[in-house]
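Coordinates in review
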Amino acid sequence: MIKVRGYSFLEAVELLAERANIQPPLFVSENVPVEKQLLLPKKNQDDQKVIAYLLGRGIDKEIIQFCLESGRVYKSAFHHNVVFVGMDEKDNPKYAALRGIGTSFIGEANGSDKNYSFSIFTEKSNDTVHLFELAIDLLS
């Protein structure tokens, strides 16, 4: 088509694609913000393995109870991982770190926003921020 009919390369490709019923690619602007949708693992009914795991890591029972009651920590139903949930200012889940119990598994839930990693706020106003590599380090 290029040599015989004098089409440009792009014109020849477009014509052949049209005849083969191939749709040209659609381009989406990179400036379109995509809102992340956090997919939290389903909760297991029993948190006893999570409690035993955290107690074994030296975490105080009162801290464990607070985390369970506030929804910051729970056991996932399918893989039986500990789920450490990061919340926004309104206590909406935005992040989830996953840690295997008795395994070396470490991961994050799909759609996690690292701007809201696992945290615990003080009741009193404070000028100090403590940063930790992992949620378990914060708890201990």
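Refer to the structure printed above.
Attention here is on the structure that accompanies the text. (Residues numbered from 1 in each chain as written. Predicted model: local features only at pLDDT ≥ 70, side-chain atom pairs only at ≥ 80, totals over all residues. Heavy atoms only, no water.)

Attention now moves to the overall build of the chain. Broken down by element type, the chain carries five helices and four strands. Each helix and strand of the chain, placed in order from N terminus to C terminus, yields the pattern α-α-α-α-β-β-β-β-α. Whereas a compact globule of 140 residues would reach a radius of gyration of roughly 14 Å, the chain reaches 25 Å, over 25% beyond that. In terms of principal-axis extent, the alpha carbons of the chain reach across some 80 × 40 × 25 Å. Every one of the 140 residues in the chain was classed for burial, and the buried ones make up 27%. Looking at the chain alone, contacts between residues at least 24 apart form 45% of all its contacts between residues at least 6 apart. Carbon together with sulfur atoms contributes 52% to the accessible area of the chain, which is approximately 11,000 Å² in total. (Helix = DSSP H or I, 4+ residues; strand = E, 2+ residues; numbered from the N terminus. Rg over C-alpha atoms; globule rule 2.2 N^0.38 Å. Buried < 20%, exposed > 50% of the residue type's maximum accessible area, 1.4 Å probe, protein only. Contact = heavy atoms within 4.5 Å. Areas by Shrake-Rupley, 256 points an atom, 1.4 Å probe, with all protein chains shown as cover.)

The next thing to look at is the side chain of arginine 72. Mapping arginine 72 onto the fold places it in the loop between helix 4 (61-69) and strand 1 (73-75). Here the side chain of arginine 72 touches serine 70 through a polar contact of 3.2 Å, side chain to side chain. Each residue touching arginine 72, except ones within four places of it in the same chain, is listed here: Phe66, Cys67, Val83, Phe84, Val85, Met87, Asp91, Phe118, Ser119 and Ile120. (Polar contact = N/O pair within 3.5 Å; in protein donor to acceptor, adjacent residues only side chain to side chain.)

A few words on the packing of aromatic side chains. The relation between two aromatic rings is expressed through the spacing of the ring centres and the mutual angle of the planes. On inspection of all chains with the given rule, the structure shows one aromatic pair. One cation-aromatic arrangement involves lysine 43 over tyrosine 74; the distance from NZ or CZ to the ring centre is 5.2 Å. (Phe/Tyr/Trp six-rings, centres within 6.5 Å; stacked < 30°, edge-to-face > 60°. Lys NZ or Arg CZ within 6 Å of the ring centre and 35° of its normal.)

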